[in-house]
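Chain by chain, the residues run as shown.
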Amino acid sequence: MNHTIVELTGIKVYRNRQLTLNIEQLSVAAGELVAVAGPNGAGKSTLLQVINMLLPYQQGVLKLFGRDISQTGREDARCNSSMMFQETLLVNGTVYDNVALPLNFRNYTQTEIEEQVAAALKNFHCQHLAERQAKQLSGGEVQRVGLARALVYQPKLLLLDEPFAALDTATRTAILGDLKQVAVANRITVLLVSHNFNDVLSFADRVVVLADGRMIQDDCPEVVLRRPVNLEVANLVDMDNILPCQVETDGREAIVRLAGGVAFRQNKPVPVGAAACCLPGDAVYILNRSSALRRQPLVTINGTIAGITPGIGAYKVRVESSSLSLTMRAPREQATGLISGSQVEVAFNPDEVQLIC
Ligand SMILES: Nc1ncnc2c1ncn2[C@@H]1O[C@H](COP(=O)(O)OP(=O)(O)OP(=O)(O)O)[C@@H](O)[C@H]1O
Ligand SMILES: [Mg+2]
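This is a predicted model, so every value here is computed, not measured. (Residues numbered from 1 in each chain as written. Chains lettered and ligands numbered in written order. Predicted model: local features only at pLDDT ≥ 70, side-chain atom pairs only at ≥ 80, totals over all residues. Heavy atoms only, no water.)

1. Regarding the pairing of strand β14 (residues 263-266)
Next, step 1: Side chains of β14 alternate between two faces, with Phe 264 and Gln 266 buried and Ala 263 and Arg 265 left unburied.
Next, step 2: Both strand β13 (residues 253-257) and β14 contribute to a ladder of four bridges, which runs antiparallel. If you follow Val 256 over to β14, its bridge partner there is Phe 264. (Buried < 20%, exposed > 50% of the residue type's maximum accessible area, 1.4 Å probe, protein only. Helix = DSSP H or I, 4+ residues; strand = E, 2+ residues; numbered from the N terminus. Pairing = 2+ DSSP bridges.)

2. Details of the site of ligand 1
Next, step 1: In the region of ligand 1, 13 residues are neighbours, and Gly 41, Gly 43, Lys 44, Ser 45 and Thr 46 sit closest.
Next, step 2: Within the backbone of Gly 41, an N or O atom sits 2.8 Å from an oxygen atom of ligand 1.
Next, step 3: Coverage of ligand 1 by the protein chains reaches 59% of its 640 Å² of free accessible surface.
Next, step 4: No other element matches helix α1 (residues 44-51), which puts three residues into the shell around ligand 1.
Next, step 5: Its residues assigned to classes, the shell around ligand 1 comprises two nonpolar, eight polar and three charged. (Near = heavy atom within 4 Å. Polar contact = N/O pair within 3.5 Å; in protein donor to acceptor, adjacent residues only side chain to side chain. Areas by Shrake-Rupley, 256 points an atom, 1.4 Å probe, with all protein chains shown as cover. Nonpolar A, V, L, I, M, F, W, Y, C, P; charged D, E, K, R; others polar.)

3. What about the domain arrangement of the protein chain?
Interface size is often expressed as the accessible area that is lost when the parts come together.
Next, step 1: Taken domain by domain, the protein chain holds domain 1 (4-235) and domain 2 (243-356).
Next, step 2: One C-alpha centre belongs to domain 1, the other to domain 2, and the line joining them spans 38 Å.
Next, step 3: On the side of domain 2, nine residues touch domain 1, which itself brings seven residues to the contact.
Next, step 4: Buried surface at the junction of domain 1 and domain 2, summed over both partners, amounts to about 620 Å²; 44% is from carbon and sulfur atoms.
Next, step 5: One salt bridge connects Arg 226 with Asp 282, and the closest N-O pair in it is separated by 2.5 Å.
Next, step 6: Counting across the domain 1 and domain 2 interface gives four residue pairs in polar contact (both at pLDDT 80 or more). (Domains from an automatic or database assignment. Contact = heavy atoms within 4.5 Å. Buried area = accessible area lost by both parts, 1.4 Å probe. Salt bridge = Lys/Arg side-chain N within 4 Å of Asp/Glu carboxyl O.)

Here it is in C-alpha cells:
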C-alpha cells in the first residue's frame, strides 16, 4: 500500500506579514525521493521548516504519517523524522558520541546504541572516523557523519535543506549515491532542497518547483528539465534555447513563428499567451544529406558555427543565422569535426519544443 507520509492542504505561512508559503496541495508517498527546487527566496527552507514543525503555519492542514499535527500527530512525527541543514553542527566529542546522541536522548540500551551507531557509520562509509574528534573532520566527513546521525534512529522521513551544497562535485555525488541506496533499502521518504540539477537528476524521482512560495511545477526530473512550465523554471534548469516567438492559433492547430521567418506547426495544446519556445540543446541536430533524421517532421535553419565549447558527455555548439542563435549539444566525435565559421544546416523536431509564456 502507498502510504502518504507528508500532506499539505491549503497551507499558508506569513513571515513579516508577507505571504511566504502558499501550498494548495502537496502529497508525498512513502519512499519517494523528492527534490525541492526554486530560485533564492522561493520558500524552500520555509516549506521544510513547516514540515519539520519548526515553523508554525497560519492556515491549512499539515498531516504527517497520516495524522493532523495540530491534533494528535506531533510526537509521532517527531520520532519518525529528521532534518539536516547546510551547516551541520557536531558537538564536542568523538564521531561515535555524536552519532550516538539521538539514541541517548531516546533511552536506547547500550547494546542497541553500539549496534545502530556501527550500522549508521557503515552506511555512510565513516566507521574509520568513529574515534576521531568531530571538530577535526573535513566538510565532506562532517556531512557523512551528519547523515549517519540523522538516520541512526531509523526515521522514515528525512528533510535535507541543501546540506551538500558546499561540497565538491565528486564528494556530493558519492554521498547522494550512498544516501539513495540507504533510502531505497529502508523506504525512507526524502525531501532534498537543491539548486544543482545534476544532483536532482541522479537522486530524485520527482521535483517540486517553488516560486514566490507557490508550487509552479511538480513532475519527474526529466520532464522539468525538458518541459519547464514557465520562464522561471526554464532559467532554473538552464534551458539551452529560449527563443522568443509569436503564436497564431487556428482552431486546433497553432503556427509558431520565430525570428527570421522560421515557422512550424504545433498540434498539441498551446498555453494562452505563449511567447517563447524552449528547446533543449540535444534536440538540435546538424543535418547532412544522408541523415536519417530527414524523415522526421523537421524545422531546418541554415547558419554559421559561432562557437564550440568542450564538455564531458557533449560539446556545446552555437549556431547563428541572420536572426537566430541556437545552442546544440553534440557528441565529441561530431563536435571535434566542426569548424568555427563554417556553414551548417541544423534542424529540430517541433514535438521537442515546449512553449511557455
Ligand atoms: N526568519 C525569517 N523572518 C522573516 N522572513 C523570512 C525569514 N526567513 C526567510 N524569510 C523570507 O521568506 C521568504 C522565503 O525564504 P526561504 O528561506 O524559505 O527561501 P529559500 O527558497 O529557502 O531561499 P534560498 O534558496 O536562498 O535558501 C523570503 O522572502 C525570505 O526573505
Ligand atoms: Mg533556503
